[in-house]
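# Coordinates in review
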Amino acid sequence: MADLNQRIIEAVGPVAGVCVPDLYLGEQEIYCTFNFTELPEGLGDNGMRAVRYLVQVHLFLPLKAESVTIRRQLRAALLAADFSPPSITNATDDLSQHYVYEFEDVGGLADG
């Protein structure tokens, strides 16, 4: 299984142009960041068999930008990358449009 960071970047990058973990301090007006939480799955025999990831992808755009098309494209790109269907929260504030895509992914067998 490909590294989760790389899978997210490969899915989201073509849509948003920029997709980086955690924080973006560049000049682009349209970009995505992402973060995730790792949870053990398949616990037994003093170990875990897999990791479940709770992922958030954050899409940022200027306040006056038309965003319907890119938001639909981002959802489609995440689904095409075999992530679970995302829930989408509008977290827009007075600085920018901000949409949070939340979904899950399950990683392969954990080491150890």
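As a convention, each chain's residues are numbered from 1 in the sequence order in which they are written. At least 70 in pLDDT is required for a residue's local features to be given in this predicted model, at least 80 for side-chain atom pairs to be given and counted, and no such filter applies to totals for whole chains, interfaces and linings, which use all residues. Water and hydrogen atoms were dropped before computing side-chain values, which therefore reflect all heavy atoms in the structure.

## Let's talk about the overall build of the protein
Rules: A run of H or I in DSSP becomes a helix once it reaches four residues, and a run of E becomes a strand once it reaches two; helices and strands are each numbered from the N terminus. Here the term buried applies to any residue with accessible area under 20% of the maximum for its type, exposed to any over 50%, and partly exposed to those in between, with areas from a 1.4 Å probe on protein chains only.
In terms of regular secondary structure, the protein is built from 2 helices and 5 strands. For the protein, the α and β elements follow one another from N to C terminus as α-β-β-β-α-β-β. With the C-alpha coordinates aligned to their principal axes, the bounding extent of the protein is approximately 55 × 25 × 20 Å. The buried share of the protein, reckoned over its 112 residues, is 35%.

## Some thoughts on helix H2 (residues 68-80)
For the record, the criterion: By this rule the span expected of a helix is its residue count minus one, scaled by 1.5 Å. The directions from the helix axis to the C-beta atoms form the arc being described. It only takes one pair of heavy atoms within 4.5 Å for two residues to be counted as in contact.
In this model, H2 (13 residues) spans 18 Å end to end at C-alpha, consistent with the 18 Å of a helix rising 1.5 Å per residue. Every buried residue of H2 is listed here: Ile70, Leu74, Ala77 and Leu78. All buried residues of H2 lie within an arc of 95° about the axis, which places them on one face of the element. Seen from the buried face of H2, the exposed residues on the opposite side, beyond 90 degrees, are Arg72 and Ala80. Check the buried side of H2 and you find it contacts helix H1 (4-16), strand E2 (31-41), strand E3 (50-61) and strand E5 (97-107). Immediately beyond the C-terminal end of H2, within one or two residues, lies Asp82, with a positive phi of roughly 70°.

## A look at the packing of aromatic side chains
For the record, the criterion: Aromatic pairing here means that ring centres of Phe, Tyr or Trp (its six-membered ring) are within 6.5 Å. Orientation follows from the plane angle: under 30 degrees is stacked, over 60 is edge-to-face, and everything else is tilted. Counted as over-ring charges are cases with an Arg CZ or a Lys NZ within 6 Å of the ring centre that also lie within 35 degrees of the ring normal.
Under the criterion given, the structure shown has 4 aromatic pairs. Residues Phe36 and Tyr53 carry aromatic rings whose centres are separated by 5.5 Å and whose planes lie at 90° to one another, so their mutual orientation is edge-to-face. Taken as a pair, Phe36 in strand E2 and Tyr53 in strand E3 lie far apart in primary sequence, 17 residues in all. A relative accessible area of 28% means that Phe36 is categorised as partly exposed. On the basis of relative accessible area, Tyr53 is assigned to the buried category, the value being 14%. An aromatic cluster of three or more residues is present, and its members are Tyr24, Tyr31 and Phe60. For the cation-ring pair, Arg71 lies above Tyr99, with the distance from its terminal atom to the ring centre recorded as 4.6 Å.

## With respect to the side chain of His98
Our working rule: Definition of a polar contact: a pair of N or O atoms within 3.5 Å, with one able to donate and the other able to accept a hydrogen when the atoms are protein atoms, and with sequence-neighbouring residues admitted only if both atoms are side-chain atoms.
Structurally, His98 can be placed in strand E5. With relative accessibility at 16%, the residue His98 sits in the buried group. At 2.9 Å, the side chain of His98 forms a polar contact with the side chain of His58. If near-sequence neighbours (up to four positions away) are discounted, His98 is found in contact with His58, Leu59, Phe60, Thr89, Asn90, Ala91 and Thr92.

## Some points on the sheet that holds E2
To keep it simple, the criterion reads: A pair of strands is considered paired only if DSSP assigns at least 2 bridges between the two. Here an axis means a line fitted to C-alpha atoms, over the contact stretch when the element is a helix, while the angle between two N-to-C directions is reported on a 0 to 180 degree scale.
If you trace the 5 strands from one edge of the open sheet to the other, you get E1-E2-E3-E5-E4, paired in mixed fashion. In this open sheet, the two strands that pair with only one neighbour each are strand E1 (19-21) and strand E4 (87-90). Strand-to-strand twist of the sheet, defined as the mean angle between neighbouring strand axes without regard to direction, takes the value 25°. The pairing of E2 with E3 spans 11 bridges and is antiparallel. Paired with Thr33 across the strands is His58, a residue of E3. Of the strands in this sheet, E1, E2, E3 and E5 are in contact with H1, which crosses E2 at around 155°. Sheet strands touched by H2: E2, E3, E4 and E5. Its angle to E5, the strand with the most contacts, is close to 5°.

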